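# Summary of the model geometry
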Amino acid sequence: MQQPKMVIAGGNGFLGSHLRRHFQALGYRVVIISRSEAAGPDNVRWDAHTPGPWAAELEGADVLVNMAGRTVDCRYTDSNRREIMASRVESTRVLGAAVAACLVPPKVWLNSSTATIYADTEGDQPANTEAAGIIGTGFSVEVAKTWEAAFEACAVPATRKVALRTSIVLGRDGGAFPVMAKLAGLGLCTPQGTGRQWVSWLHVEDFCRAVEFLATQTTEGGAFNVCAPNPLPNREFNGLLGQGLRPLLRLPQPKWLLEIGALMLRTETELILKSRKVYPQRLLDLGFTFHYPTCKPAICSLLST
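Throughout what follows, the structure given in this document is the object of discussion. In this text, all values refer to a predicted model and were calculated from it rather than measured experimentally.

## Brief notes about unusual backbone geometry
Unusually for a residue other than glycine, alanine 48 sits at a positive phi of about 70 degrees. For alanine 48, the location among the structural elements is in the loop between strand S3 (43–45) and strand S4 (63–66). For arginine 266, which is not a glycine, the phi torsion comes out positive at approximately 60 degrees. When you line up the elements, arginine 266 lands in the loop between helix H7 (255–265) and helix H8 (270–273).

Structure, rendered in structure tokens:
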């Protein structure tokens, strides 16, 4: 029996590394296509916007995942905005052209998107589902919309396409959580701003399981919210960090202080102040079950040694 193959474009980061290990444990050969130099036959270089020898790796692949894109953890200068947008759109378009040229194209293509595509959700408003979610406005939303539009425009009729509207993914070895935990341990486990903004989140283990499920356990395509089914207010999220870490001091985090901190760290307060209340309706309807449906066990697992 032939070994199944997965290709991850832009796969050297936190999520790509977890996906690689997860699918290797399932028996897959996993090929990483990235900008960086990496040793080994299953690491291939590309520039993420022009065709090249890397495209041969897509031939006959069972699963293609695109995670390429410049980090949004930066100041939104004009230059950074252009890079954030172009890195996502160009990588998607060149992958689309490569898939279309395959004699045996990938069976399924999962392209990254973001749960930030939805509008701020205040108070007791319903969570955003795929069918009834309210699409927002602003730069981050435009990035998500343009990214998904580029994906939708790729003419690859023999390949099932899935857009992953992923929330903040929590893992102890990368992404935002290690920074969150470090700051919380220093006393910054208090509400950020008003603390009323919603936090949609997902344990990294469930992220990998959701990708596996969408790749192998359904024939559905389109956009999927990839997040836990129980978002919670920022105040409660930070309270859970405080319970786990028990810092000696608890320092207030008003919006004006966060603005100063974001300026010093060269990032944007939107990343912590936007209210994201998202619900994985389609995953649940298809029968996916979460190992970490609520946040307290997820945080406890990540803080445990």
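## Some points on the packing of aromatic side chains
Summed over all chains, the structure comprises 6 aromatic pairs. Look at phenylalanine 213 and phenylalanine 288: their rings are 5.4 Å apart centre to centre, the planes differ by 65 degrees, and that puts the pair in the edge-to-face class. Of this pair, phenylalanine 213 sits in helix H5 (residues 204–216) while phenylalanine 288 sits in the loop between helix H9 (281–285) and helix H10 (295–303), placing them 75 residues apart in sequence. Classification of phenylalanine 288 as buried rests on a relative accessible area of 5%. Both rings, one in phenylalanine 288 and one in phenylalanine 290, keep their centres 4.9 Å apart while their planes meet at 85 degrees; by these two values the pair is edge-to-face.

## Points about the sheet that holds strand S6 (residues 160–166)
A sheet is described by the order of its strands in space; here 7 strands give the open sequence S3-S2-S1-S4-S5-S6-S10, paired in parallel fashion. The sheet terminates laterally at S3 and strand S10 (222–226), the two strands that pair on one side only. On average, each strand axis in the sheet is inclined to that of its neighbour by 20 degrees, with strand direction left out of account. Relative to S10, S6 runs parallel, the two being bridged by 5 bridges. Across the sheet, threonine 166 pairs through a bridge with valine 226, a residue of S10. Across the face of the sheet, helix H3 (residues 139–153) comes into contact with strand S5 (108–114) and S6 while running at roughly 165 degrees to S5.

## Overview of the pattern of salt bridges
What the rule picks out here adds up to 11 salt bridges. Across the salt bridge formed by glutamate 83 and arginine 70, the nearest N and O atoms sit 2.9 Å from each other. Placement of the pair is glutamate 83 in helix H2 (residues 78–100) and arginine 70 in the loop between S4 and H2, with a sequence separation of 13 residues. Look at arginine 70 and you get partly exposed, because its relative accessible area is 24%. The residue glutamate 148 makes a salt bridge to arginine 165 at a minimum N-O spacing of 2.8 Å. A residue pair is termed long-range when its members are at least 10 positions apart, and glutamate 148 in helix H3 and arginine 165 in strand S6 qualify at 17 residues. One network of salt bridges, in which partners are shared, links Lys5, Arg29, Asp42 and Glu57.

## Let's talk about the state of the cysteines
Counting across every chain of the model gives 0 disulfides. The thiol sulfur of cysteine 300 is not disulfide-bonded, and the nearest other cysteine sulfur, from cysteine 295, lies at 9.3 Å. Note on cysteine 300: relative accessible area 45%, which makes it partly exposed.

## Digging into helix H1 (residues 14–25)
Between its first and last C-alpha, H1 extends 17 Å over 12 residues, near the 16 Å set by a 1.5 Å rise per residue. Every buried residue of H1 is accounted for by Phe14, Leu15, Gly16, His18, Leu19, Arg20, His22 and Phe23. Phi for glycine 27, located one or two positions after H1, is positive at around 100 degrees.

## Side note on the nonpolar core
Ranked by internal contacts, the top residues of the largest apolar core, which has 31 residues, are Met6, Leu19, Val65, Leu110, Phe207 and Val211. Only strand S1 (5–9), H1, strand S2 (29–34), S4, S5, S6, H5 and S10 provide two or more residues apiece to this core. Among the elements that take part in this core, H5 stands out by supplying 8 residues, more than any other. Apart from residues no more than four positions distant in its own chain, leucine 19 is found in contact with Ile8, Val65, Met67, Phe207, Cys208 and Val211. With 23 residues, the next largest nonpolar core counts Ala9, Ile33, Val94 and Ala163 among its residues.

## Observations concerning the pairing of S6
With 7 of 7 residues buried, S6 is to be regarded as a mostly interior element. Of the two faces of S6, the one holding Arg160, Val162, Leu164 and Thr166 and the one holding Lys161, Ala163 and Arg165 are both buried throughout. Relative to S6, S5 is paired through 7 bridges, and the arrangement is parallel. Bridge assignment links valine 108 to a residue of S6, and that residue is arginine 160. Handedness of the S5-H3-S6 crossover: right-handed.

Criteria and cut-off values
- Residues numbered from 1 in each chain as written.
- Predicted model: local features only at pLDDT ≥ 70, side-chain atom pairs only at ≥ 80, totals over all residues.
- Heavy atoms only, no water.
- Helix = DSSP H or I, 4+ residues; strand = E, 2+ residues; numbered from the N terminus.
- Phe/Tyr/Trp six-rings, centres within 6.5 Å; stacked < 30°, edge-to-face > 60°.
- Buried < 20%, exposed > 50% of the residue type's maximum accessible area, 1.4 Å probe, protein only.
- Pairing = 2+ DSSP bridges.
- Axes fitted to C-alpha atoms, helices over the stretch in contact; angles between N-to-C directions.
- Contact = heavy atoms within 4.5 Å.
- Salt bridge = Lys/Arg side-chain N within 4 Å of Asp/Glu carboxyl O.
- Disulfide = S-S within 2.5 Å.
- Expected span 1.5 Å × (residues − 1).
- Core = buried A, V, L, I, M, F, W, Y, C linked by side-chain atoms within 4.5 Å.
- Right-handed = clockwise from strand over helix to strand, strands pointing away.

In short, geometric facts, not functional conclusions.
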